[in-house]
Each structure stands twice: as structure tokens, then as C-alpha cells.
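# Structural description and commentary
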Amino acid sequence: MSARPELGTTKSFFRKVRPELYWFHPPDGGELHVVVTKVGLVLVDSGLLRHREVILGLWRQAGLDPRKIRLGFMTHFHADHVGAMGWWSREFGFSVVAHANAAKVVEKGDLVITGTKIPYAGFDEDFVPCPIRHKVVGGERFPVGKHNFKVSAAPGHTVGSIHILCGDLLFVGDTLFADGSIGWMDVHWGSNPEDYVHTLEQMRPLCGALCAPGHGPPFRLSRTLIKRACKIVSFYIPLGHGLGFPRVPRHSPDRAR
Ligand SMILES: [Zn+2]
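Here goes a summary of the coordinates provided. (Residues numbered from 1 in each chain as written. Predicted model: local features only at pLDDT ≥ 70, side-chain atom pairs only at ≥ 80, totals over all residues. Heavy atoms only, no water.)

## Some details on the nonpolar core
- Counting 36 residues, the largest nonpolar core has F24, L43, W59, M74 and W88 as its most contacted members.
- When contributions to this core are tallied by element, the ones reaching two or more residues are β2 (21-25), β3 (32-37), β4 (40-44), α1 (52-62), α2 (79-82), α3 (85-92), β6 (95-99) and α4 (100-108).
- Element by element, the count of residues in this core is highest for α1, at 5 residues.
- Those residues in contact with W88 that lie beyond four places of it in its chain are L32, L43, S46, R52, I55, L56, W59, P66, I69, G93 and F94. (Core = buried A, V, L, I, M, F, W, Y, C linked by side-chain atoms within 4.5 Å. Buried < 20%, exposed > 50% of the residue type's maximum accessible area, 1.4 Å probe, protein only. Helix = DSSP H or I, 4+ residues; strand = E, 2+ residues; numbered from the N terminus. Contact = heavy atoms within 4.5 Å.)

## Digging into the packing of α1 against α3
- Interhelical geometry of α1 versus α3 gives an angle of 55 degrees and a closest axis separation of 12 Å. Looking at the two axes, α1 sits oblique to α3. Of the two possible hands of crossing, α1 and α3 adopt the one that is right-handed. In this structure, α1 uses R52, I55, L56 and W59 to contact α3, whose residues at the interface are W87, W88 and F92. (Axes fitted to C-alpha atoms, helices over the stretch in contact; angles between N-to-C directions. Parallel < 35°, antiparallel > 145°, perpendicular 65-115°, else oblique. Left-handed = near helix turned anticlockwise from the far one by under 90°.)

## Some remarks on empty space enclosed by the protein
- On inspection of all chains with the given rule, the structure shows 1 cavity of 30 Å³ or more.
- The space that makes up the largest cavity amounts to roughly 40 Å³.
- If you trace the largest cavity, you find it lined by E31, H33, V44, D45, T75, F171, G173, A212, P213 and G214.
- Broken down by secondary-structure element, the contributors of at least two residues to the lining of the largest cavity are β13 (169-173) and β14 (210-213).
- Tallied by class, the residues present in the lining of the largest cavity amount to 4 nonpolar, 4 polar and 2 charged. (1 Å grid on protein atoms, 1.4 Å probe; cavity = no way out; pocket = protein on both sides within 12 Å on 5 of 7 lines; lining within 4 Å. Points joined across faces, edges and corners; volume = space filled by probe spheres on them. Nonpolar A, V, L, I, M, F, W, Y, C, P; charged D, E, K, R; others polar.)

## Quick word on the sheet that holds β2
- The mixed open sheet is built from 7 strands, whose spatial order is β1-β2-β3-β4-β5-β6-β9. One side of each edge strand has no neighbouring strand; the edge strands of this open sheet are β1 (13-18) and β9 (134-136). Across this sheet, the average inter-strand angle for adjacent strands is 20 degrees, counted without regard to direction.
- With 4 bridges joining them, β2 and β3 adopt antiparallel strand pairing. Note that in β3 the partner of Y22 across the bridge is V34.
- Sheet strands touched by α1: β1, β2, β3, β4 and β5 (69-73). Its angle to β2, the strand with the most contacts, is close to 145 degrees. (Pairing = 2+ DSSP bridges.)

## Topic: the sheet that holds strand β11 (residues 147-153)
- Strand order in the open sheet formed by 6 strands is β10-β11-β12-β13-β14-β15, and the pairing between neighbours is mixed. The outermost strands of the open sheet, each flanked by one partner alone, are β10 (141-144) and β15 (219-220).
- Across 3 bridges, the pairing between strand β12 (residues 162-166) and β13 is antiparallel. In the sheet register, L165 faces β13, and the bridge partner there is L170.

## Examining the pairing of β10
- Only one face of β10 is covered, namely the face carrying F142 and V144; the face carrying R141 and P143 is uncovered.
- With antiparallel pairing between neighbouring strands as the criterion, β10 and β11 make up a hairpin whose turn holds 2 residues, including G145 at a positive phi of roughly 60 degrees.

## Focus: α1
- Along α1, the positions that sit buried rather than exposed are I55, L56, G57, L58, W59 and A62.
- Where the residues of α1 are buried, they touch β1, β2, β3, β4, β5 and α3.
- Looking one or two places after α1, you find G63, whose phi comes out positive at around 75 degrees.

## A few points about the layout of surface pockets
- Of the voids in this model, the second largest pocket is the one considered here, and its volume is about 250 Å³.
- Those elements that provide at least two residues to the lining of the second largest pocket are β11, β12 and α5 (193-203).
- Looking at the lining of the second largest pocket, its residues break down into 8 nonpolar, 5 polar and 1 charged.

## Looking at the pairing of β14
- Here β14 shows two buried faces, one formed by L210 and A212 and the other by C211 and P213.
- Pairing of β13 with β14 involves 4 bridges; the strand directions are parallel. Following the sheet pairing, L169 is matched in β14 by L210.
- Handedness of the crossover joining β13 and β14 through α5 is recorded here as right-handed.
- Where β14 hands over to β15, the hairpin turn is made up of 5 residues, of which G216 adopts a positive phi near 85 degrees. (Right-handed = clockwise from strand over helix to strand, strands pointing away.)

## Thoughts on the environment of G40
- Within the fold, G40 resides in strand β4.
- Taking the relative accessible area as the measure of exposure, G40 reaches 7% and is therefore buried.
- The sequence separation of G40 and D65 amounts to 25 residues, and the corresponding C-alpha distance is 9.3 Å.
- Setting aside anything within four residues of it in sequence, one finds G40 in contact with V35, K68 and R70.

Below you can see the structure in the form of C-alpha cells.
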């Protein structure tokens with residue numbers, strides 16, 4: 001979920017960003033990314049359930065076979081990103097990686113925490129509960145063929161957000177977008193501004209990496225974008241700025257209570 005209405009409903013398409021990286025853009029909701037390895041495909045996020053046929057159509061156009069998916073990653077538990085992952089993993093028989101804190105939410109299919117039903121925002125989606133075979137906390141590696149997928153905890157936008165690094169490719173979910181904007185902050189999904197800044201700071205050593213975000217086009221990670229995002233997030237730090245009190249406890253790996 002990004003606080004960016006201009007992303008609304010658009011024409012769906014796919015892009016072959018690199019020989020091994022495909023970006024799938026459904027009419028609305030979150031992006032999907034696919035990494036092509038010698039032993040099969042790796043799926044990062046699934047998008048909304050109601051877009052599965054549109055997305056499968058784009059896969060056919062791209063010449064990709066979903067039966068070759070070997071592993072799925074959930075960047076975070078929001079329905080616009082993973083509302084369909086339970087369907088994909090059952091339909092095509094692959095296991096899924098998610099943060100241990102997100103696993104509890106997606107295995108149950110909690111409609112509030114996942115932002116599946118938000119009447120005032122016109123969100124009335126579906127969420128297919130998804131079994132999580134690989135519950136991670138950060139630092140885990142998943143080799144698929146010659147590719148290595150390294151997970152890091154990335155709390156801030158939500159509890160249970162992760163980033164996945166594969167070579168110089170960084171999947172960042174809703175942490176950061178191409179214009180330096182940030183994911184939707186809300187206590188219902190455990191947003192925490194201090195954690196968010198911590199997560200953004202953790203990304204600094206990766207400047208230059210190609211980021212694949214949860215909304216919008218891939219972009220090169222830069223100090224400028226991190227700085228801009230930190231500035232936006234820091235607005236929420238003063239308790240008077242409306243992110244609610246008591247503040248959601250911190251979940252940054254080294255600061256969690
Ligand atoms: Zn989100």
C-alpha cells in the first residue's frame with residue numbers, strides 16, 4: 001500500500017528489465033517480480049487475487065511458465081502484494097518465504113492487518129491464507145541454481161517486512177519508491193517510524209543496487225532517495241503528528257523489545 005493515488009488503475013503490462021528479471025504490472029495493486037534461474041523461477045509477491053488471470057496472461061506473453069516457480073517471497077503481508085500468494089503457491093506447488101511476524105498474519109489471512117478490507121479507502125479485496133514453509137527473521141540465504149537470495153528484516157512500513165538481495169538486485173516491497181516516497185504508515189499494520197528510518201539507513205551500503213519496489217518502476221538506489229524518504233518518515237516521529245499513541249513497539253532486529 002502506497003499513499004500514492006496517482007498509481008490508481010492503469011493498463012497492465014510486463015517489462016523484461018534484465019535477462020533474468022521480469023516486472024509485471026497489474027491494473028492496480030502491487031507489482032510482481034520474477035527472477036529467472038537455471039533451475040526455475042523465483043516469484044517476489046503475487047499481487048491482488050482478482051488480477052491472477054490478467055497476470056497469467058502476461059506470463060504467457062512473456063513466455064514464462066508458472067509451473068516452473070521454485071520459490072515465492074512475500075516482501076510484506078499487504079493484500080495488494082500477497083493477497084493471491086496462497087492461490088499461486090497451491091496452484092503451482094511451490095513453497096513461500098515470509099518474515100516470522102508476517103507468517104502469523106498471512107496463514108490466518110487477517111483482513112484488517114493485511115489491509116484487505118478498508119472501507120474508507122474503498123479497499124474490499126480478498127486474501128487467500130497462505131502456509132509459510134520458510135519463516136525468516138533476517139540473515140537467511142536461499143540458493144536457487146546459481147542465484148542466491150539473501151533476506152534482511154525491514155520493519156517500518158509494516159511489522160514483518162523483508163528485503164531480498166540477489167546480486168545487485170534488491171526487492172524492497174513498500175519501503176521505498178522511485179521518487180523517494182514511502183509506504184502507507186498506519187498502526188493497523190504495525191508501522192513504526194523509528195524502525196523505518198533504521199531500515200532506510202541499513203540500505204545505505206547498497207547504494208547503486210537496482211531496486212525493485214512494490215509499486216512503480218525499478219530504480220537505482222541512491223543516498224538522495226534514502227535521505228528524501230528519511231525526511232518524509234521523520235514527520236511521523238513526533239507523537240503529535242498523528243501516527244497514534246502508544247506507538248507500535250519497535251521490531252528492528254537490534255532494537256526489538
Ligand atoms: Zn504495503
